[in-house]
Amino acid sequence: MGRGIGVELVGRDEDVAFVCDFVESAAIDGGALLLSGDTGVGKTALLDAAARHAESSGVRVVRAIGAQFEAELSFAGLNHVLHPLLDGLGELPPLQREALSVTLGLESGTPPERLVVSNAVVGLLRGAAATHPLIVIVDDLPWLDRASALVLASAVRCLTGTHVGFLAALRTEAESFFDRAGLPCYELKPLDDASAAELLATRFPAMVPKIRDRLVADAQGNPLALLELPVALRDASPARDRISDVLPLTERLQDMFASRIRDLPDSTRSLLILAVLDGTGDLKTLDAASVGEAGLDDLAAAERARVVTIDEARARVTFRHPLIRSAVIALSTSDARRRAHRVLADCVSTKDLRSWHLSEAAVSPDEQVASLVEEVALDHLARGDAVRAVAAMSRAAELSPATADQGRRWAQAAYIGATVLGDLSNAQRALADIRLLDPDHQGSLAAALAGGYHLLNGDGDVDTAHRLLVGAIEMVPDGAEPSNELLVEAVYNLLEVCFFGGRADLWAPFRRAIARLEPHTPRFLELLSKTIPDPARDAVSALETLDAAIADLDRESHPTRIVRTAVATAYIDRLPRCRAALWRVVNDGRGGGAVTMEIQALALLGFDYYLTGQWEPLTAMMDEAVELCETHSYGLLRWPSRAVQALHAGARGDATSAREITDEMIQWAVPRRAVAVHTYALHARALDAIGRGDFDSAFRYASAISPPGTIASHIPHAMWLVLDLVEAAIRTGRNADATAHVAAAQATGLPAISSRLALITTGAAATATPDDEDAIEIFQQALDVPDADQWPFDLARVELLFGERLRRARSTAKSRHMLSRAQQDFQRLGAQPWAHRAGNELRATGVTVSNPALDGAASLTPQEREIALLAAEGLTNKEIGERLFLSHRTVSTHLYRIFPKLGITARAALRDALNATSTDV
């Protein structure tokens, strides 16, 4: 059968051939294609041609259209696309089936991760194409709601080889949430003058040449204008040889749509308003909504006027162009729109749609409607759609009859906007409005929450934010529900204030607030209360619960819950297990999601990558986080990322950068009494000083964080500086201080918290031990800590100290081995001062060290060489580990070190690299 069978598109032979070729190709091997072009250029007609060709070729066609009035409703577009395919839902794997069912509102459950939903969409499409190829055609792509657009954009990239095609149309330069990057796009150009004239001559053969020429000139090749302008010129007769001057093209088209709608009967116009505001095109909904006002027969006049088309087989009505829908609304009265919203509210089944219709129908404040809209706002937030949450909460505030409720809802909208979207400036404006609106409720919990958040994150005013939050929390009646979300959020924000304040006296109100929530304290707050205020003493009791929470992150999609769980792990060295979930948060933020959570996730990943020795990507990651903070005016959130930058600079020997960053941190922190930020700076300075051999300065910086003999309470960083303080003390003759500090770390129980704390505490104990024989034994215990190699920089520091002690004990051979290991580890990391120090120690043992970096297979330790040989034979990490009695994680870490030594980046290159070095030798 011919392409575009049944309808000839004038001047579009090449365009029709292109999309039909795509349909044939997609039916075999899948794929996606976007059609772009100006409004009215003929994209829909080309989609129709593709659909006809697909159906004539035995390809199943599923069609959907983006609706302007559904663009605010999460997953409305995805519902339309997938609705004809839902009979295949039961064939999906359970996780995907549940994810898609929850997303589409078919079931209730935990909001799923976007990637799982995208995979489920791909699975559903694959299943639908199992017997016959399938093509999904979407018109008006930019009007898809944000949530649907993000999921579909991810899914359509996975269609290669699926027998599923995706063909969509969008206006040139139209903004949308659909990520077009990397997808093939075909631009539909306007018709040339000859084709435009042919189209007019074909469709309007009686038109006189002069009028036709004028329309060709004014239409500028736009087929919609060519077809619709003659309808607006009903009084033009074949005898007429001219037309009067008119408005420019786009305005004339809008005027033409309006005139056609004005001429319709009132009953028809009422139906059109219902159809536009419903947005689904479902004739059954329209029939139910029109009871008592008009019947569906009244749509016939609109169909004759080419305003709508009716597909009786599918029971759907569609507007011939989006501008017609806009014109319908523009020509309607506010009373008519409210009346339509009221009747539609009774015809929809979802809370989202019902709340929207009722809110649009309201003529005055209505607490019942405001409460429903507030519920929907919180539902949006729970699903991770903060943009809709802010909009809905703002609308709830507008509908609130009581000033107290209005102020509370405005404050919640401001808080959500600030904490999730990074909109601090809007929060500040909203708070000013709240104070004017409701001066008697400035102490309300919601206002205090938003105000405290802005004071802390915008201005860094720790003490004022603390007073504001404590006052509001303690004013909440004792009988308040422990599950009160505002109260929980306020307590969490108080924890942040106390942490950045870094003073023990700030924490007493927080402990009282947590006690009020018991026994129903949310898990994330319970964990944070054990792992942030004083983790050295409290974290051990929470480790089992925390490990369970980390395991649950695989199924978690909400950015806020992911970040808060990861924060609870930060000081007790579980961040590597949160890495995948944190990257989901970052990617969500990059895709237009939760910006504030993205900032925090990047900072957490920065600490993770620093501690686990993955230093190469650190610079770009932290630059991105700092830039986001500057863009969104987050004065406080930039400092964790800057702290990572300072540590990285100090470890690499970039003393100038380390000093500049820490100067900046101290100048900001001291006047604001933000002790945590000051502590970040002191930590980086201590590390930099040790690397430069300035041990006296290092001791002063480390002691300022936690005095010798004490693991300071309510300063979590004190746990991380045990080795720094002890090494600096020993190097400056403060042996008693070193011994006392080791005793404090051991008595506090730091080794039980994590393998890294066990490594540095045991390494510090060996360093402080005066007897060489005892020290050597303790150093070996440090190196034997399970998973110690997960922390390469800390491990290399212990190896260096061990090698130095071995040399002083005249165990030269063992010293050389240990110092070589340390030097290689430091060199791989790029920690030049430390590699130089290890090299000097090696020279002192009699080894000639011309270059601190050992190249090729000669740089491999015996164990690394054995692992490399086994990997080259094709063994997996698990198989290698079983053979050498190592964990698979240890094998992975060794391979991570081996690759750069051999100058390769992939496992497949191991055999050639090892053979080459053998030949060279």
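Small disclaimer: the values here were computed from a predicted structure and weren't measured.

Thresholds, definitions, all that
Residues numbered from 1 in each chain as written. Predicted model: local features only at pLDDT ≥ 70, side-chain atom pairs only at ≥ 80, totals over all residues. Heavy atoms only, no water. Helix = DSSP H or I, 4+ residues; strand = E, 2+ residues; numbered from the N terminus. Buried < 20%, exposed > 50% of the residue type's maximum accessible area, 1.4 Å probe, protein only. Contact = heavy atoms within 4.5 Å. Areas by Shrake-Rupley, 256 points an atom, 1.4 Å probe, with all protein chains shown as cover. Pairing = 2+ DSSP bridges. Axes fitted to C-alpha atoms, helices over the stretch in contact; angles between N-to-C directions. Expected span 1.5 Å × (residues − 1). Phe/Tyr/Trp six-rings, centres within 6.5 Å; stacked < 30°, edge-to-face > 60°. Lys NZ or Arg CZ within 6 Å of the ring centre and 35° of its normal. Right-handed = clockwise from strand over helix to strand, strands pointing away. pLDDT = per-residue confidence, 0-100. Core = buried A, V, L, I, M, F, W, Y, C linked by side-chain atoms within 4.5 Å. Salt bridge = Lys/Arg side-chain N within 4 Å of Asp/Glu carboxyl O.

Moving on, we get to the overall build of the protein. In terms of helices and strands, the protein carries 46 helices and seven strands. Considering the protein as a whole, with its 921 residues, one finds that 56% of them fall into the buried category. Partitioning the intrachain contacts of the protein with sequence separation of at least 6 by distance along the chain shows that 68% fall at a separation of at least 24. Taken as a whole, the protein presents about 38,000 Å² of accessible surface, with 51% of it coming from carbon and sulfur.

A few words on the sheet that holds strand β5 (residues 185-187). Spatially, β2-β3-β4-β1-β5 is the arrangement adopted by the five strands of the open sheet, whose pairing is parallel. Since the sheet does not close on itself, it has two edges, and those belong to β2 (60-65) and β5, each with one partner. Each neighbouring strand pair of the sheet contributes to a mean axis angle of 20 degrees, computed without reference to strand direction. The sheet contact formed by strand β1 (residues 31-37) and strand β4 (residues 164-171) spans seven bridges and is parallel. In the sheet register, G31 faces β4, and the bridge partner there is G165. Across the sheet, helix α1 (residues 13-29) touches β1, β3 (134-139), β4 and β5, and the angle it forms with β1 is around 160 degrees.

Our focus in this paragraph is helix α41 (residues 812-829). For α41, which comprises 18 residues, the first-to-last C-alpha distance of 26 Å matches the rise-based estimate of 26 Å (1.5 Å per residue) to within 8%. What α41 keeps buried is the set S815, M818, L819, A822, Q823, Q824, D825, F826, R828 and L829. Where α41 ends, the next residue or the one after it, G830, has phi of about 85 degrees, a positive value.

Turning our eyes to something else, we now look at the packing of aromatic side chains. For the coordinates displayed, the defined rule picks out 18 aromatic pairs. Put simply, the rings of F499, F500, Y571, F607, Y680 and W720 pair up and form one aromatic cluster. A cation sits over an aromatic face here: R756 above W720, 4.8 Å from the ring centre.

Right, let's talk about the pairing of β3 for a bit. Two faces make up the sheet, and in a regular strand the side chains alternate between them. β3 sits mainly inside the fold: six of its six residues count as buried. Side chains L134, V136 and V138 of β3 all project onto a buried face; the interleaved residues I135, I137 and D139 project onto the opposite face, where all are buried too. Inspection of the sheet shows β2 paired to β3 by six bridges, in the parallel sense. Bridge pairing in β3 places A64 opposite V138. By the bridge criterion, five bridges tie β3 to β4 in an arrangement that is parallel. Within β4, the position partnered with L134 by the bridge is V164. Running through helix α6 (residues 146-155), the crossover from β3 to the neighbouring parallel element β4 is right-handed.

What follows covers the confidence of the model for the protein. Put simply, the protein has an average pLDDT of 83, and 84% of its residues get 70 or more. Counted against residues more than four places away or in other chains, residues 917-921, with its pLDDT under 50, gives three contacts.

Ranked by size, the top nonpolar core spans 155 residues in total, and within it L582, Y610 and F793 carry the most contacts. For this core, the element with the highest residue contribution is helix α23 (residues 485-501), accounting for twelve residues. With near-sequence residues (within four places) excluded, L582 lies in contact with I562, V563, A566, L575, A601, L604 and L605. Within the second largest apolar cluster, 43 residues are counted, among which are V62, A99, V117 and L134.

Here we take up the environment of G161. By the secondary structure assignment, G161 is in the loop between α6 and β4. In this structure, the C-alpha to C-alpha distance between G161 and R126, residues 35 residues apart in sequence, is 9.6 Å. Ignoring anything within four residues of it in the chain, the contact list for G161 reads D29 and G30.

Using the criterion set out here, one finds 38 salt bridges in the structure. Notably, a salt bridge pairs E187 with K189, separated by 3.3 Å at the nearest N-O pair. A relative accessible area of 39% places E187 in the partly exposed class. Residue class for K189 comes out partly exposed when judged on its relative accessible area of 48%. With a shortest N-O distance of 3.3 Å, R797 and D724 are connected by a salt bridge. With R797 in helix α40 (residues 792-808) and D724 in helix α36 (residues 722-731), this residue pair connects regions lying 73 residues apart in the sequence. Among the residues examined, R797 registers a relative accessible area of 4% and is labelled buried. Among the residues examined, D724 registers a relative accessible area of 3% and is labelled buried.

Okay, unusual backbone geometry next. Cis geometry marks the peptide bond from E518 to P519, where omega comes out at 5 degrees. With respect to the secondary-structure elements, P519 resides in the loop between α24 (508-517) and α25 (523-531). Unusually for a residue other than glycine, H163 sits at a positive phi of about 65 degrees. Along the chain, H163 turns up in the loop between α6 and β4. Here H163 falls in the partly exposed class, since its relative accessible area comes to 35%. In this model, R810 sits at a positive phi of 65 degrees, which is unusual for a non-glycine residue. By the element assignment, R810 lies in the loop between α40 and α41.

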